[in-house]
2 protein chains.
Amino acid sequence: MAYRETDRVRERKQATRETIVTTALTLVSEGGFNGLQMAQLARQSGVATGTLYRYFPSKEELCTAVFEYATEIEVAQVQQQLQESQQNIPEAIANALTTFATRALKAPTTAWALIAEPVAPEVVAARLHYRERYAGLFAQAIADGIAAGSLPEQDSNLSSRALVGAIAEALIGPLAQHSSAAPEQAIAHSIQFCLQAITAKPYSMTRSSS
Amino acid sequence: MAYRETDRVRERKQATRETIVTTALTLVSEGGFNGLQMAQLARQSGVATGTLYRYFPSKEELCTAVFEYATEIEVAQVQQQLQESQQNIPEAIANALTTFATRALKAPTTAWALIAEPVAPEVVAARLHYRERYAGLFAQAIADGIAAGSLPEQDSNLSSRALVGAIAEALIGPLAQHSSAAPEQAIAHSIQFCLQAITAKPYSMTRSSS
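Residues numbered from 1 in each chain as written. Chains lettered and ligands numbered in written order. Predicted model: local features only at pLDDT ≥ 70, side-chain atom pairs only at ≥ 80, totals over all residues. Heavy atoms only, no water.

Q: Help me out: how do you make sense of the overall build of chain A in this one?
A: Of the regular secondary structure elements, chain A holds nine helices and zero strands. Counting from the amino terminus, chain A carries its helices and strands in the arrangement α-α-α-α-α-α-α-α-α. Viewed in the frame of its principal axes, chain A has a C-alpha envelope of about 80 × 40 × 30 Å. Out of the 210 residues belonging to chain A, those deemed buried represent 53%. A sequence separation of at least 24 residues applies to 70% of the contacts in chain A between residues at least 6 apart. For chain A, the computed accessible surface area is about 10100 Å², with 50% contributed by carbon and sulfur atoms. (Helix = DSSP H or I, 4+ residues; strand = E, 2+ residues; numbered from the N terminus. Buried < 20%, exposed > 50% of the residue type's maximum accessible area, 1.4 Å probe, protein only. Contact = heavy atoms within 4.5 Å. Areas by Shrake-Rupley, 256 points an atom, 1.4 Å probe, with all protein chains shown as cover.)

Q: Just checking my understanding: could you explain the pattern of salt bridges for this structure?
A: Where charged atoms of side chains with opposite charge meet at close range, the side chains can pair. Residue and element names in this part refer to chain A. Counted according to the given criterion, the structure contains ten salt bridges over all chains. For Arg-133, the salt bridge is made with Glu-72, and the minimal N-O distance between the two is 3.2 Å. On the criterion of sequence distance, the pair formed by Arg-133 in helix α7 (residues 121-148) and Glu-72 in helix α4 (residues 59-83) is long-range, its members being 61 residues apart. For Glu-72, a relative accessible area of 34% corresponds to the partly exposed category. (Salt bridge = Lys/Arg side-chain N within 4 Å of Asp/Glu carboxyl O.)

Q: Which parts of the structure should I look at to understand the nonpolar core?
A: As a rule of thumb, nonpolar side chains are buried together in soluble globular proteins. Of all hydrophobic cores here, the largest spans 144 residues; its most connected members are Phe-33 and Ile-93 of chain A together with Phe-33 and Ile-93 of chain B. If near-sequence neighbours (up to four positions away) are discounted, Phe-33 of chain A is found in contact with Val-28, Lys-59, Cys-63, Val-66, Phe-67, Ala-113, Leu-114, Glu-117, Val-119 and Val-123 of chain A. (Core = buried A, V, L, I, M, F, W, Y, C linked by side-chain atoms within 4.5 Å.)

Q: Just checking my understanding: could you explain the interface of chain B and chain A for this structure?
A: The figure often quoted for interface size is the accessible area lost as the parts come together. In this complex, chain B contributes 49 residues to the contact, which on the side of chain A involves 48 residues. A buried area of about 4000 Å², summed over both sides, lies between chain B and chain A, and 64% of it is on carbon and sulfur atoms. Counting across the interface, chain B meets chain A through two salt bridges. One salt bridge connects Glu-169 of chain A with Arg-131 of chain B, and the closest N-O pair in it is separated by 2.3 Å. Where chain B meets chain A, there are ten residue pairs in polar contact (both at pLDDT 80 or more). Taken together, the elements giving at least two residues each to the side of chain B that touches chain A come down to α5 (89-106), α7 (121-148), α8 (156-176) and α9 (183-199) of chain B. (Buried area = accessible area lost by both parts, 1.4 Å probe. Polar contact = N/O pair within 3.5 Å; in protein donor to acceptor, adjacent residues only side chain to side chain.)

Q: What is the right way to look at the packing of helix α1 (residues 7-31) of chain A against α4 of chain A in this model?
A: The description of two helices packed together rests on the angle between their axes and the distance between the axes. All names here are of chain A. Orientation of α1 relative to α4, taken along the N-to-C sense of each, is 85 degrees, at an axis distance of 9 Å. Relative to α4, the element α1 is oriented roughly perpendicular. Taken together, the residues of α4 that come into contact with α1 (itself represented by Arg-17, Ile-20, Val-21, Thr-22, Ala-24, Leu-25 and Val-28) are Leu-62, Ala-65, Val-66, Tyr-69 and Ala-70. Grouping the amino acids of the contact of α1 with α4 by side-chain chemistry returns ten nonpolar, one polar and one charged. (Axes fitted to C-alpha atoms, helices over the stretch in contact; angles between N-to-C directions. Parallel < 35°, antiparallel > 145°, perpendicular 65-115°, else oblique. Nonpolar A, V, L, I, M, F, W, Y, C, P; charged D, E, K, R; others polar.)

Q: Would you explain the UniProt feature "DNA-binding region" (unreviewed entry) in chain A in this entry?
A: Summarizing the sequence annotation, UniProt attributes the feature "DNA-binding region" (unreviewed entry) to residues 37-56 of chain A in the numbering used throughout. For residues 37-56 of chain A, the end-to-end C-alpha separation is 13 Å, with 75% helix and 0% strand making up the annotated structure. (UniProt positions renumbered as here; feature names shortened; annotations may be inferred.)

Q: For this particular structure, what's the right way to read the UniProt feature "domain: HTH tetR-type" (unreviewed entry) in chain A?
A: Mapped onto the present numbering, the UniProt feature "domain: HTH tetR-type" (unreviewed entry) falls at residues 14-74 of chain A. The span residues 14-74 of chain A shows a helical share of 80% and a strand share of 0%, and its end C-alpha atoms are spaced 22 Å apart.

Q: What exactly am I supposed to notice about the relation of the copies chain B and chain A here?
A: One copy of the chain maps onto the other through a rotation about an axis plus a displacement along that axis. Superposition of chain B onto chain A requires a rotation of 180 degrees combined with a translation of 0.0 Å along the rotation axis, giving an RMSD of 0.0 Å. Between the two chains, the operation in question is that of a two-fold axis. Both copies share a contact surface, since 98% of the interface residues of chain B are interface residues in chain A too. (Least-squares fit on C-alpha atoms with pLDDT ≥ 70 in both.)

Q: Could you clarify how one ought to interpret the packing of aromatic side chains in this entry?
A: Geometrically, a pair of aromatic rings is defined through the distance of the ring centres and the angle of the planes. Residues and elements named next belong to chain B. Scanning the entire structure with this criterion turns up four aromatic pairs over all chains. Between Phe-67 and Tyr-130, the ring centres sit 5.8 Å apart and the planes meet at 70 degrees, which makes this aromatic pair edge-to-face. Pair noted here: Phe-67 is in helix α4 (residues 59-83) and Tyr-130 is in helix α7, with a separation of 63 residues, a long-range link. Of the two residues, Phe-67 and Tyr-130, both sit in the buried class. Relative to Tyr-134, the ring of Phe-100 lies with its centre 5.4 Å away and its plane at 75 degrees, an arrangement referred to as edge-to-face. You can see Phe-100 sitting in helix α5 and its partner Tyr-134 sitting in helix α7, a full 34 residues away along the chain. Each member of the pair, Phe-100 together with Tyr-134, is buried. (Phe/Tyr/Trp six-rings, centres within 6.5 Å; stacked < 30°, edge-to-face > 60°.)

Q: It is not clear to me how empty space enclosed by the protein should be interpreted in this structure. Could you clarify?
A: A probe matching the size of a water molecule, rolled over the atoms, marks out where space remains unfilled. This model, assessed by the stated rule, comprises one cavity of 30 Å³ or more. The computed volume of the largest cavity comes to approximately 280 Å³. For the largest cavity, the lining is made up of 16 residues, of which Ile-115, Arg-127 and Arg-131 of chain A together with Ile-115 and Arg-131 of chain B are closest to its centre. When contributions to the lining of the largest cavity are tallied by element, the ones reaching two or more residues are α7 and α8 (156-176) of chain A together with α7 and α8 of chain B. Along the lines of polarity and charge, the residues of the lining of the largest cavity split into ten nonpolar, no polar and six charged. (1 Å grid on protein atoms, 1.4 Å probe; cavity = no way out; pocket = protein on both sides within 12 Å on 5 of 7 lines; lining within 4 Å. Points joined across faces, edges and corners; volume = space filled by probe spheres on them.)

Q: Just to check I follow, could you spell out the environment of His-129 of chain B for this structure?
A: Within the fold, His-129 of chain B resides in helix α7. According to the relative accessible area criterion, His-129 of chain B is partly exposed, its value standing at 45%.

Q: Looking at this structure, how should I read the packing of α4 of chain B against α5 of chain B?
A: All names here are of chain B. Two numbers describe how α4 lies on α5: the axes approach to 8 Å, and their chain directions differ by 155 degrees. Judged by the inter-axis angle, α4 sits roughly antiparallel to α5. Read as a crossing pair, α4 and α5 show a hand that is right-handed. Touching Ile-73, Glu-74, Gln-77, Val-78, Gln-81 and Leu-82 of α4 are Ala-92, Ile-93, Asn-95, Ala-96, Thr-99, Phe-100 and Arg-103, all from α5. (Left-handed = near helix turned anticlockwise from the far one by under 90°.)

Q: Can you help me understand helix α5 (residues 89-106) of chain A in this one?
A: The α-helix advances 3.6 residues per turn, and as a result positions three or four apart in sequence lie on the same side. Residues and elements named next belong to chain A. In this model, α5 (18 residues) spans 26 Å end to end at C-alpha, consistent with the 26 Å of a helix rising 1.5 Å per residue. The buried count for α5 comes to 13 of 18 residues, which makes it a mostly enclosed element. One side-chain oxygen of the residue at the start of α5 lies 3.0 Å from the amide nitrogen of Glu-91, identifying that residue as Asn-88. (Expected span 1.5 Å × (residues − 1).)

Structural data, given as structure tokens:
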């Protein structure tokens, strides 16, 4: 009789995989992706190193899985904030950005690892994919805002990308320096930047000519 | 007598190194960093493969050198636009961003390689370094604008980072898709986003409450 994986075996494998990924995420929160050691991870996950490599044949594959797991959580948070429909759309966008930024500055090493740390090309590719996901969520919100008349006409795809780039880059500084200097102000200013960009009247090149 | 490198030898080595880097940049403009093949590069640079590896022991080192060479040119362009002092500061910033964006969309594969292509961690680290350089230039311009009264009060360090993030991310879309669909509009909209962000009055959360 050929070997057939039972549901129970599949479940146990899934549980082991999850343990490895969540344990790895804890290690990433302490030392980034570059601080992640396979031997230490195996020990802390309670599996043999050989077992770890059966689940993740390379560190790149492991890091990509950890990146995806952690980023899915952040995307879900943004999505939830944007869908709170009792508020108007500019405020929903501001709330989503604030949630993203606040979570990032509360776990600066993790945020740095997810957003900017020099990592393997596989993880960089996953970053691009998830930035598309974020941008897609904001693009929908901006389009809804335009339709509802609470945001001025604009190219929602471009605005949403610019929004994601602005917020990520503005936060890399404080994250990079592990600076806790007034993170609230950094967040407030970054959100202001984004909100001014999407709500303001087009800047006229002649307006402030001197 | 110990071997001593003469000026002439040094100059020749420098010239060979430059030939390799500029030839590599041409190849990157065709197929990105991942399309760059050491053997092909040696052939097109007119050096033996062994010689190429004496100059650049690994592809990562070569890619980092090419990245730095190409990005220095872009940084110099931005710097020059910002220093044109006969114009007011918001316009100088708009011109610098326009120059950056226009050059990027004219050489989309190169721009994609420099800004976003999944590459080795060494090149990702160089990207972070150069984003600091760009942000530093814009931070100075914004600070000058605030001092001159042509820009409202704001944290120039955060605004400049957000600016760099916004313009880079807004352009990744068109670059990624090698889309030539209305690049002028994409550029104009991205610049508008940035200019509104730094020139507008702070967005008040209650302004558009409904």
